[in-house]
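Single-letter residue listing:
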Amino acid sequence: MAQTNQQESVWTVDSSPSLQSVTLANLRKLPQIENFSEEQIFEMEVVGNVLPFKANNYVIEQLIDWDNVPGDSMFNLTFPQKNMLKTEHYDMMASVLKNDPDRKQIQEMANKIRLELNPHPAGQMELNVPMLKDGTKLFGMQHKYKETTLFFPSQGQTCHAYCSFCFRWPQFVGMDEMKFAMKEGDDLAQYVREHPEISDILFTGGDPMIMKASLFATYIDKILDANLPNLKTIRIGTKALSYWPYKFTSDSDSEETLETFRRIKSKGIHVALMGHFNHLTELKTDSVKLAIEKVRETGVQIRTQSPLLTNINDDADMWAQMWQKQVELGCIPYYMFVVRDTGAQHYFGVSLVKAHEIFQQAIQKVSGLARTVRGPSMSATPGKVQVDGVAEINGTKVIVLRMLQGRNPEWVNRPFFAKYDENAIWLDDLKPAFEDKFFFEDELKQIKEQKMKNMNS
Ligand SMILES: *Cc1c(COP(=O)(O)O)cnc(C)c1O
Ligand code: SF4
């Protein structure tokens, strides 16, 4: 086994604190909210019973600026706020909670409201579930773009803390973990073998880095042992660098995690850690800096991404500083997303025109090394659509768009135009500028019909 040269780091982290989660069950015991009024706490409980809420001691002690609460970006990112629910939904849950409900009543109301929040946007369920040649449907995977298949390991469907903009059903896994990992890992390897066009496997979730290193290694070894010639890259989508950096520095399994990264690299497979960072604050602690350094020492590349969010990061200067800081720490800025059409989009949403303005202002402030970032990009049903800007063509004001990823590879990098609309926040709000349909619409309809047939067969 190759020994890495252990250099002294300038960042010091003595040891991992033990992870303490804060959820609705223990929220009232949190010393930091001691001075909150009963009304404020009740508001958090109403919203937290519908949208996901979980924070932890690292987020609470090191990222949130409690002198700046409410209003602090990290607080808004992790703690529920009244306005995240529309008034009617808020009132529905509030009235249940005021009547001494049991768990079932809360759950029923929560699910009722959630169903009205578009829980499965962009046709993920119906359109992206792949199948093995023998007909087995792989519900733990999605395959939308030719080169990359998404993999959702069952035990990675939770996170160290939850982002308030992320809409997630409450999920529990009560199965035999290792056995399940073996089976899922086998199916994944078989699927990639059957599809030579796949070069990338993207582990996602939840957060796959919530898994114990030994469990993560079980999946990885299944893939490595399968010797898949077409597999070039394993990507790992994670927010652990911002929500629990100790995962890579000082947890009891951090060395095993890093060792697993090295093992992938030693097979000639590239590893990209897709680090989810929403705010500059997340890059400021010694722990995150050391975690980034440790991950990079294994030869793993870190690419960064985040959605643009009102009340959290809708500020061009902050984005510019965040990208610059990422480059300084050796990370590669990758995507700025437009927040999805789900959950609390009315609270976080930024219009496409404004999103582009923020993106452009930010990118003008950084050097070329940070201009690897693309966006603002919508992960919509036909593909990833980037807003390139606003232009005037023969006297008509238009929004210029471009497909960065397409359900059909031939759509990729095609520019197209929508009527100017400064209120539009998602692709569905836009109308074609010059035709009656966008170029992909007919074909997308065909693809949908075909997939539905396959799913039901
Ligand atoms: C973003 C995304 C990918 C990866 O796309 P890249 O542009 O290669 O990063 C793969 N699958 C889905 C469903 C995605 O949304
Ligand atoms: S870390 Fe990712 S999956 Fe987890 S809550 Fe945040 S956005 Fe959602």
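Owing to the predicted nature of the structure, the values given are computational and were not obtained by experimental measurement.

### Focus on the overall build of the protein chain
Working step 1: When its secondary structure is counted, the protein chain shows 15 helices and 13 strands.
Working step 2: The C-alpha atoms of the protein chain give a radius of gyration of 22 Å, which matches the 23 Å a tight globule of 457 residues would have.
Working step 3: For the protein chain, the C-alpha atoms occupy an extent of roughly 60 × 55 × 50 Å along the three principal directions.
Working step 4: Counting all 457 residues of the protein chain, 56% fall into the buried class.
Working step 5: Put simply, 73% of the contacts in the protein chain that link residues at least 6 apart link residues at least 24 apart.
Working step 6: Surface exposure of the protein chain reaches about 20,800 Å², of which carbon and sulfur atoms provide 47%.
Working step 7: Between the averaged position of the 51 positive side-chain charges in the protein chain and that of its 59 negative side-chain charges there is a distance of 5 Å.

### A word on the packing of aromatic side chains
Working step 1: Evaluated as defined, the whole model comprises 27 aromatic pairs.
Working step 2: Geometrically, the ring pair formed by Phe151 and Phe203 is edge-to-face, given 5.2 Å between the ring centres and 90° between the ring planes. Taken together, the residues Phe151 in strand S4 (residues 148–151) and Phe203 in strand S5 (residues 200–203) connect sequence positions 52 residues apart. As far as the burial class goes, Phe151 and Phe203 line up, both buried.
Working step 3: Centroid distance Trp244 to Tyr246: 4.8 Å. Interplanar angle 75°. Geometry classified as edge-to-face.
Working step 4: Its relative accessible area of 3% is what places Trp244 among the buried residues.
Working step 5: Since its relative accessible area comes to 3%, Tyr246 is described here as buried.
Working step 6: Ring-pair connections join several aromatic residues into one group, and the members of that group are Phe151, Phe203, Phe216, Tyr219, Phe248 and Phe261.

### With respect to the pairing of strand S8 (residues 301–308)
Working step 1: With respect to burial, S8 is a largely interior element, six of its eight residues being buried.
Working step 2: Read as a crossover between parallel neighbours, the route from strand S7 (residues 270–276) over helix H11 (residues 286–297) to S8 is right-handed.
Working step 3: Looking at chain direction, S8 and strand S9 (residues 332–338) are connected through six bridges and run parallel. Opposite Gln305, over in S9, you have Tyr335 as the bridge partner.

### Let's talk about the site of ligand 1
Working step 1: In the neighbourhood of ligand 1, the contacting residues comprise Lys144, Tyr145, Thr148, Leu150, Arg235, Tyr334, Tyr335, Lys384 and Gln405.
Working step 2: At 2.7 Å from an oxygen atom of ligand 1 is found a side-chain nitrogen or oxygen belonging to Tyr334.
Working step 3: Here ligand 1 loses 87% of its free accessible area of 390 Å² to cover by the protein chains.
Working step 4: Secondary-structure elements contributing two or more residues to the shell around ligand 1 are strand S3 (141–145), S4 and S9.
Working step 5: Split by residue class, the shell around ligand 1 holds four nonpolar, two polar and three charged.

### Quick notes on the site of ligand 2
Working step 1: Neighbouring residues of ligand 2: eight residues in total, closest Cys159, Cys163, Cys166, Lys239 and His276.
Working step 2: Residues that form the shell around ligand 2 fall into these classes: four nonpolar, two polar and two charged.

### Let's talk about the pairing of strand S6 (residues 233–238)
Working step 1: For S6, the tally of buried residues reaches six of six residues, placing the bulk of the element in the interior.
Working step 2: The alternating pattern of S6 places Thr233, Arg235 and Gly237 on one face and Ile234, Ile236 and Thr238 on the opposite face, and all of these are buried.
Working step 3: Examined bridge by bridge, S5 and S6 share four bridges and lie parallel to one another. The partner of Asp200 across the bridge, within S6, is Thr233.
Working step 4: Taken together, S5, helix H8 (residues 213–225) and S6 form a β-α-β motif whose crossover is right-handed.

### Here's the deal with unusual backbone geometry
Working step 1: Cis geometry is found at the peptide bond from Val69 to Pro70, where omega equals -5°.
Working step 2: Considering the arrangement of structural elements, one finds Pro70 in the loop between helix H2 (57–63) and helix H3 (73–78).
Working step 3: Along the chain, Gly205 connects to Gly206 via a cis peptide bond; the corresponding omega equals 15°.
Working step 4: Looking at where Gly206 falls in the secondary structure, it is placed in the loop between S5 and H8.
Working step 5: With a phi angle near 70°, Asn413 is a residue other than glycine that sits in the positive phi range.
Working step 6: Inspection of the secondary structure puts Asn413 in the loop between strand S12 (396–406) and strand S13 (415–419).

### A word on the side chain of His89
Working step 1: Topologically, His89 is positioned in helix H4 (residues 87–97).
Working step 2: Within polar-contact distance, the side chain of His89 engages the side chain of Glu116 at 2.7 Å.

### Remarks on the environment of Lys212
Working step 1: Structurally, Lys212 is set in the loop between S5 and H8.
Working step 2: Among the residues examined, Lys212 registers a relative accessible area of 53% and is labelled exposed.
Working step 3: Excluding residues within four positions of it along the chain, Lys212 makes contact with Lys247 and Asp253.

### Description of the confidence of the model for the protein chain
Working step 1: Per-residue confidence for the protein chain gives a mean pLDDT of 91, with 92% of residues at or over 70.
Working step 2: In the model, residues 1–5 has pLDDT below 50 throughout and makes three contacts with residues more than four positions away in sequence or in other chains.
Working step 3: Predicted confidence is poor over residues 170–175, with pLDDT under 50, and the contacts of this stretch with residues over four places away or in other chains come to six contacts.

Reading the values: the criteria
Residues numbered from 1 in each chain as written. Chains lettered and ligands numbered in written order. Predicted model: local features only at pLDDT ≥ 70, side-chain atom pairs only at ≥ 80, totals over all residues. Heavy atoms only, no water. Helix = DSSP H or I, 4+ residues; strand = E, 2+ residues; numbered from the N terminus. Rg over C-alpha atoms; globule rule 2.2 N^0.38 Å. Buried < 20%, exposed > 50% of the residue type's maximum accessible area, 1.4 Å probe, protein only. Contact = heavy atoms within 4.5 Å. Areas by Shrake-Rupley, 256 points an atom, 1.4 Å probe, with all protein chains shown as cover. Lys, Arg positive; Asp, Glu negative; His and termini not counted. Charge placed at Lys NZ, Arg CZ, Asp CG, Glu CD. Phe/Tyr/Trp six-rings, centres within 6.5 Å; stacked < 30°, edge-to-face > 60°. Right-handed = clockwise from strand over helix to strand, strands pointing away. Pairing = 2+ DSSP bridges. Near = heavy atom within 4 Å. Polar contact = N/O pair within 3.5 Å; in protein donor to acceptor, adjacent residues only side chain to side chain. Nonpolar A, V, L, I, M, F, W, Y, C, P; charged D, E, K, R; others polar. pLDDT = per-residue confidence, 0-100.

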